[in-house]
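The primary structure of each chain is shown beneath.
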Amino acid sequence: DDETGFQEVLKQSGLHPKPAGLVLQYGTAGFRTNAKKLDHIMFRMGLLATLRSRKTKATIGVMVTASHNPEEDNGVKLIDPMGEMVTPTWEGYATQLANAEQEDLLTALKDVIEKEAIDMSQEADVFVGKDTRSSSASLSQAVMDGVSALGGHSKDYGLVTTPQLHYMVCCQNTKGKYGDATVEGYYSKLYQAFIQLTKSVLNRTDDQKHLSVDGANGIGALKVREMEAHLKKELQISLFNDGSKGKLNHQCGADFVKVQQKPPTGVEMNPGERCCSFDGDADRIVYYFIDSEGQFHLLDGDKIATLISTFLKELLTQAGVDLKMGAVQTAYANGSSTRYLEDTMQVIVRCTKTGVKHLHHAAQEFDIGVYFEANGHGTVLFSKAAEEIIQHLAEDANINDERKRAARMLQNTINVINQTVGDAIADMLLIEAILAIKGMTIQQWDSIYSDLPNRQLKVKVADRRVIDTADAERRAVSPAGLQDAIDSLVKKYRKARSFVRPSGTEDVVRVYAEAETQESADDLAHKVSLAVYRLAGGVGGEPKQLL
Ligand code: NG1
Ligand code: ZN
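Residues numbered from 1 in each chain as written. Chains lettered and ligands numbered in written order. Predicted model: local features only at pLDDT ≥ 70, side-chain atom pairs only at ≥ 80, totals over all residues. Heavy atoms only, no water.

Stated precisely, the cut-off is as follows: UniProt positions are given in the numbering used here, feature names are shortened, and annotations may be inferred rather than shown by experiment.
The protein has the name Phosphoacetylglucosamine mutase in an unreviewed UniProt entry, where Amphiprion ocellaris is given as its organism. In UniProt, the protein has this text filed under Sequence similarities (unreviewed entry): "Belongs to the phosphohexose mutase family."

Given below as structure tokens:
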């Protein structure tokens, strides 16, 4: 009965004790901190996932990863039945459970059971996955201990990318409609769609089929290797930072390349060659190349969103279907990309708070919603109705060849993309297919619009929660005087924009600035950092001028 069950929880939780006084929040992407502080969190997330499974009568996912953070960190995110991020109320429960002192754990657990009226006799199923961090093995075991302590069943997928686990959860809960809930099923769905998309492109040279991939020394590298065999030379990958020697995310990976605006170490780059970087759990991707003068060019999430939106819009026109397409960005989107999407492409653009769940939610408002964070996390969502219209058209015997070809391409786009979450591997295949179909080089893609020079900085403060924001994080409403200070600084530069927000994954305040020149963007970012430091309780030395 229930009480015996709870005795087991009590006993097991003693093996995963919480350090007294430690307080952690379920942030932008779950819990994330130094791996040494996470054992009790993992056990408790196993408990919570089991309750969530009973509540939804569906399989829930738990992914052990700290994405782009350093190797020493780890983290955990919960995945809801359709493969989406867990709902906000349950994020709250996660925080409550995580922070209950050892002796209060049962009370906190029973509180959730009561509030959600959970039937404890219901079956519970939890899928567990992990990244390549050295701490991930024991931490994912702690998750499974939590699941079994509450009488749930766990299935261990072992080493998988974050998007692969999202895919598994969705496949399982749709009874195979989304695909087979196996790694093999994932590869076969994606590569078949990719081969279908590219098969009509004639005379692709080996140069055009070649792509250099920076695996960030993480799970993405392992999975690209596994996938490669399926691609039948239609995509020829040179894999760098495959984890055989380098350290995870160290001087490499999508976050490094995006924030530092420079190439990763360990990748051989020749002028004009396409390169891309994954992050530590392969849910982000950015592209880049060096030109003949040795200049580095970054094609980030905004450029990816533009490329995909252009492609889809053309296909919709060719197929002769009227579906409402929109793009979703955050405040970090480069101003040039927003202008291009709205003014030139006539696409509706929405801006949400940082964090995939916000973008995902906003994208669901459209028939076709393209969402990308500037850092390269993103995907495309198709409404059920849109999918049906497209499928119907692709099978319609009475339409001309041009319309049919476009409808089939839309169908294969639906199959290649991972609609559950941003997915570096799926996004890479779609981008490669689009470039092949359009016969476009990376330079041509890059020249669709020019990014405004920009700079991202971090400021350490005593308590980053003193900063409150509004208007999709574009304005700071507290502390008093900060927004006024930012406004008067921004006025001094041409085409300038700047905002600040507390990070949800690191103990810092993030500062973003863009302006007409790199000097101005750097200068503005520095001055805004000083304002944050002075008005929001900066700690350590004053932010220094960038060199
Ligand atoms: P925070 O630390 O809240 O800025 C970062 C990214 C998010 C998101 C999460 C999860 C930036 C500026 N922020 O969040 O976009 O990807 O990590 O990985 O890139
Ligand atoms: Zn990630």
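## Topic: the coordination of the zinc ion (ligand 2)
Six octahedral donors at a metal ideally form angles of 90 or 180 degrees, and four tetrahedral donors ideally form angles of 109.5 degrees. Where we set the bar: Note: metal donors comprise N, O and S atoms at 2.8 Å or less from the metal (3.2 Å for Na, K and Ca); water molecules are not included, so apparent gaps in a site are possible. In this scheme the shape depends on donor count and angles: four donors with every angle between 85 and 135 degrees give tetrahedral, four or six donors with opposite pairs above 155 degrees and others between 65 and 115 give square planar or octahedral in turn, and any other case is irregular. When accessible area is computed with a 1.4 Å probe and restricted to protein chains, residues below 20% of their type maximum are described as buried, those above 50% as exposed, and intermediate ones as partly exposed.
With distances of 2.0 to 2.1 Å, the protein atoms coordinating the zinc ion (ligand 2) are Ser 67 (OG), Asp 279 (OD), Asp 281 (OD) and Asp 283 (OD). Because the angles between the four donor atoms bound to the zinc ion (ligand 2) fall within 84 to 173 degrees, the donor set is best described as irregular. Each donor residue of the zinc ion (ligand 2) lies on one chain, and together they are spaced S-x211-D-x1-D-x1-D. The exposure class of Asp 279 is buried, given its relative accessible area of 0%. Owing to a relative accessible area of 5%, Asp 283 belongs among the buried residues under this scheme.

## Some remarks on the nonpolar core
In plain terms, the rule: To define a nonpolar core, start from buried Ala, Val, Leu, Ile, Met, Phe, Trp, Tyr and Cys residues and group those joined through side-chain atoms within 4.5 Å. Only DSSP runs of H or I with at least four residues qualify as helices, and only runs of E with at least two residues qualify as strands; both kinds are numbered from the N terminus onward. Any pair of residues with heavy atoms lying within 4.5 Å of one another is described as a contacting pair.
In terms of nonpolar packing, the biggest core is built from 86 residues, with Phe 278, Tyr 287, Ile 308, Leu 312, Met 428, Leu 429 and Trp 445 touching the most fellow members. With 10 residues, the single largest contributor to this core is helix 16 (residues 424-438). Residues contacting Met 428, with those up to four places away along its chain left out, are Leu 211, Val 213, Leu 235, Ile 237, Cys 276, Phe 278, Ile 285 and Tyr 287. One finds Leu 47, Ala 49, Leu 97 and Val 112 within the second-largest nonpolar core, a separate group that totals 45 residues.

## Quick notes on the side chain of Lys 258
Selection criterion: Counted as a polar contact is a pair of N or O atoms within 3.5 Å, where, for protein atoms, one must be capable of donating a hydrogen and the other of accepting one, and residues adjacent in sequence contribute only when both atoms are in side chains.
Assignment of secondary structure puts Lys 258 in helix 10 (residues 254-260). For Lys 258, a relative accessible area of 11% corresponds to the buried category. A distance of 2.9 Å separates a polar atom in the side chain of Lys 258 from a polar atom in the side chain of Asp 300.

## Quick word on the site of ligand 1
Applicable threshold: Proximity is defined per residue: if any heavy atom of the residue lies within 4 Å of a molecule or strand, that residue is considered near it. Shrake-Rupley sampling with a 1.4 Å probe provides the accessible areas, and residues are treated as covered by the protein chains on show and by no other component.
The immediate surroundings of ligand 1 are formed by 14 residues, with Glu 373, Ser 503, Gly 504, Thr 505 and Arg 510 found nearest. Note that an oxygen atom of ligand 1 is positioned 2.8 Å from one of the side-chain N or O atoms of Arg 501. In the model, an oxygen atom of ligand 1 is placed 2.6 Å from a nitrogen or oxygen of the Arg 510 side chain. If ligand 1 stood free it would expose 430 Å²; the protein chains cover 94% of that surface.

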